[in-house]
Amino acid sequence: MKIGILTGGGDCPGLNAVIRAVVRKGIFHYDDEFLGFMEGWRGLIENQSMALDLDAVSGILPRGGTILRTSRTNPSKRPDGFDRCMATIAAHKIDALVAIGGDDTLSVAQKLHEKGVNVVGVPKTIDNDLGGTDYTFGFDTACNIVCEAIDRVHTTAEAHNRVMVVEVMGRDAGWIALYSGIAGGADVILIPERPFDVDKVAESIRQRHERGRYFSIVVVAEGAKFATGAGAPVVQDMGKDEFGHAKLGGIANILAREIENRTKFETRAVVLGHIQRGGSPTAFDRVLATRYGLGAIDMVHRGEFGCMAALRSNKIVSITLKEAISKNRVVDDEMIEIADGLFEEIGAKVASK
Ligand code: F6P
C-alpha cells in the first residue's frame, strides 16, 4: 500500500517515534511505501511532501519535534481546503493516511474519512486530554520536565523564604498540573476543572508558614480560573488559532501578585511554557509512541478506517475517531478526590472549593 503520514497541532515529544514505528513495520511486515506530508494539513493543501523510507526514519527515535514538522492549519479555514487535500491524496495515489494529532487534527481526519479517505488516527498531546484513550504520548515527558523544574524551584524558594508560583500548560485540562504537582510535592495545585478562591489559597499558604514552613510551591495550570472571575481563563492576547483556541498564559503573574498582597510573603512567578514540549521523549513515551505507531499500521492493514489507536488498560485498541473527538478528557472528580487526600481541609486542596 502507499501510505501518507502527517503530524498536526502542537508538537509533542514522541512524534518521531510514532513515524519510525509506522514506517519500519509497514516496510518490514507489509511491504508498504510511505510519503510524509509536511506541516500537518498544510502539506496536503499545498502538496508538500517528503519520501519516508528506512533512511529517513533512522536515528529519529530520541529526537523531539517531528521530522515532518507541524502546524495548526485547518482546511476548513482555507479556500477549497478540503478539495485541495483530496486532490493531493489522489495525485499521489495514497491508499491510506495516518494522521498523528490531537482533537483538532483528528476532527479534520474524521471529516476526510466522511469524504471517503482511508484515515487512521494516532492520539498526540502533552495535555493528555484526548477522549477514549488512557494516556497520550508526550504527557509523561512534559510531567517529568515540570517535576524537575519544581524540584529546582523548591531549592531557590527555600533559600529565599519565597512563595513560587509555577505555571504549566494543559489548556482546559489540569492533568499536567495535577500529576507534576503531586510528583513535585507542590503545596497548592490549581486546575481549570475547579475555579479557585484566591483568599483560600493565600490563607492555606499563610497557615503553612505559621506552622514553621517558610516557603511554598504553587502549581497553576495555564487554564485555571479565579472563582470570582467571569469564568474565563487568563489569555496572552485576543488572538485565536485556526481552530478557535485562545493563547492561554499569564495567570502565574497575576496569582503571584494576589498571593503577595494577601500574605505579605515575597512571591515569584515561573512560566514553563514551551520548555514542556521540547527535547527528548522519556523512555515511557518512546515505548507508548512506538506501540501507537505499530497499532496504527496494523489498523491500516485490517481496514479499520475512521478509527484511532487508543490505550485502554495498557492495551492498544481501535476506537472510532468520532468517539475520540466527541469530548475532551478533563480531570475527573475521583482523581481530584485522591489528590485532595494530600492536603489539609483549608483552601490548599486541589480544587480550593
Ligand atoms: O495543546 C498543547 C499545548 O501545548 C497547550 O498545552 C498550550 O495551551 C498550547 O498547545 C500552546 O500552543 P502554541 O504552541 O500554539 O503556543
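Rules and cut-offs
Residues numbered from 1 in each chain as written. Predicted model: local features only at pLDDT ≥ 70, side-chain atom pairs only at ≥ 80, totals over all residues. Heavy atoms only, no water. Helix = DSSP H or I, 4+ residues; strand = E, 2+ residues; numbered from the N terminus. Rg over C-alpha atoms; globule rule 2.2 N^0.38 Å. Buried < 20%, exposed > 50% of the residue type's maximum accessible area, 1.4 Å probe, protein only. Contact = heavy atoms within 4.5 Å. Near = heavy atom within 4 Å. Polar contact = N/O pair within 3.5 Å; in protein donor to acceptor, adjacent residues only side chain to side chain. 1 Å grid on protein atoms, 1.4 Å probe; cavity = no way out; pocket = protein on both sides within 12 Å on 5 of 7 lines; lining within 4 Å. Sits in = over half its atoms within 2 Å of the grid points. Nonpolar A, V, L, I, M, F, W, Y, C, P; charged D, E, K, R; others polar. Phe/Tyr/Trp six-rings, centres within 6.5 Å; stacked < 30°, edge-to-face > 60°. Lys NZ or Arg CZ within 6 Å of the ring centre and 35° of its normal. Core = buried A, V, L, I, M, F, W, Y, C linked by side-chain atoms within 4.5 Å. Domains from an automatic or database assignment. Pairing = 2+ DSSP bridges. Axes fitted to C-alpha atoms, helices over the stretch in contact; angles between N-to-C directions. Buried area = accessible area lost by both parts, 1.4 Å probe. Salt bridge = Lys/Arg side-chain N within 4 Å of Asp/Glu carboxyl O.

Quick question: what am I supposed to make of the overall build of the chain here?
Helices and strands together make up the secondary structure of the chain, namely 11 helices and 13 strands. The C-alpha atoms of the chain give 22 Å as radius of gyration, which agrees with the globular expectation for 353 residues (20 Å, within 12%). The principal-axis extents of the C-alpha atoms in the chain amount to approximately 70 × 40 × 30 Å. Within the chain, buried positions represent 54% of all 353 residues. Put simply, 74% of the contacts in the chain that link residues at least 6 apart link residues at least 24 apart.

I'm lost on the site of the ligand in this one. Help?
Neighbouring the ligand are the residues Arg72, Ile126, Asp127, Met169, Gly170, Arg171, Glu222, His274 and Arg277. Between an oxygen atom of the ligand and a side-chain N or O atom of arginine 72, the distance comes to 2.9 Å. If you map the ligand onto the pockets, it falls in the largest pocket. Of the residues in the shell around the ligand, the class split is 2 nonpolar, 2 polar and 5 charged.

Please clarify how the packing of aromatic side chains should be interpreted in this entry.
For any pair of aromatic rings, the description consists of the separation of the ring centres together with the inter-plane angle of the planes. Enumeration according to the criterion identifies 7 aromatic pairs in this entry. Measuring from ring centre to ring centre gives 4.8 Å for phenylalanine 196 and phenylalanine 226, while their planes differ by 50°; the resulting arrangement is tilted. Taken together, the positions of phenylalanine 196 in the loop between β7 (188-190) and α7 (198-210) and phenylalanine 226 in the loop between β8 (216-221) and β9 (235-240) put the pair 30 residues apart, joining distant regions of the chain. Pair check on accessibility: phenylalanine 196 and phenylalanine 226 agree, each one buried. Clustering of aromatic rings is evident, with ring pairs tying together Tyr135, Phe139, Trp175 and Tyr179. Above the ring of phenylalanine 215, the side-chain terminus of arginine 208 is found at 5.1 Å from the ring centroid.

Any chance you could explain the nonpolar core here in plain terms?
Where a protein is soluble and globular, its nonpolar side chains tend to be buried together. In terms of nonpolar packing, the biggest core is built from 64 residues, with Ile5, Ile19, Leu52, Ile100 and Phe137 touching the most fellow members. For this core, the element with the highest residue contribution is helix α5 (residues 139-160), accounting for 8 residues. Split by domain, the residues of this core number at least three in each of domain 1 (2-137 + 281-312) and domain 2 (140-278 + 332-340). What isoleucine 100 contacts, discounting residues up to four positions off in sequence, is Ile5, Leu6, Thr7, Gly8, Leu15, Val18, Ile19, Thr105, Val122, Lys124 and Phe137.

How should I be thinking about the sheet that holds strand β4 (residues 96-101) in this particular structure?
Hydrogen bonding along the main chain pairs the strands of a sheet, whether they run parallel or antiparallel. Ordered in space as β3-β2-β1-β4-β5-β12-β13, the 7 strands form an open sheet in which the pairing is mixed. The open sheet has two free edges, formed respectively by β3 (49-51) and β13 (315-320), since each of these has just one partner strand. If you compare each strand with its neighbour and ignore which way they point, the axes differ by 30° on average. Of the strand pairs in this sheet, strand β12 (residues 307-312) and β13 are connected by 6 bridges, and their pairing is antiparallel.

How do you make sense of the domain arrangement of the chain when you look at a structure like this?
In many reports, interface size means the accessible area that the parts give up when they come together. Entries for the chain in the domain assignment read domain 1 (2-137 + 281-312) and domain 2 (140-278 + 332-340). If you look at the interface, domain 1 gives 20 residues, while domain 2 gives 18 residues. Both faces considered, domain 1 and domain 2 share a buried interface measuring about 1,700 Å² in area, 50% of it formed by carbon and sulfur atoms. Sorting the residues of domain 1 by area buried against domain 2 places Arg72, Ile126 and Asp127 first, and these three jointly supply 34% of that buried surface. Joining domain 1 to domain 2, the criterion identifies 3 salt bridges. The tally of links between domain 1 and domain 2 comes to 10 residue pairs in polar contact (both at pLDDT 80 or more). Of all the secondary-structure elements, those providing two or more residues to the side of domain 1 that touches domain 2 are α4 (103-114) and α9 (283-302). If one sorts the elements of the side of domain 1 that touches domain 2 by residue count, α4 sits on top with 3 residues.

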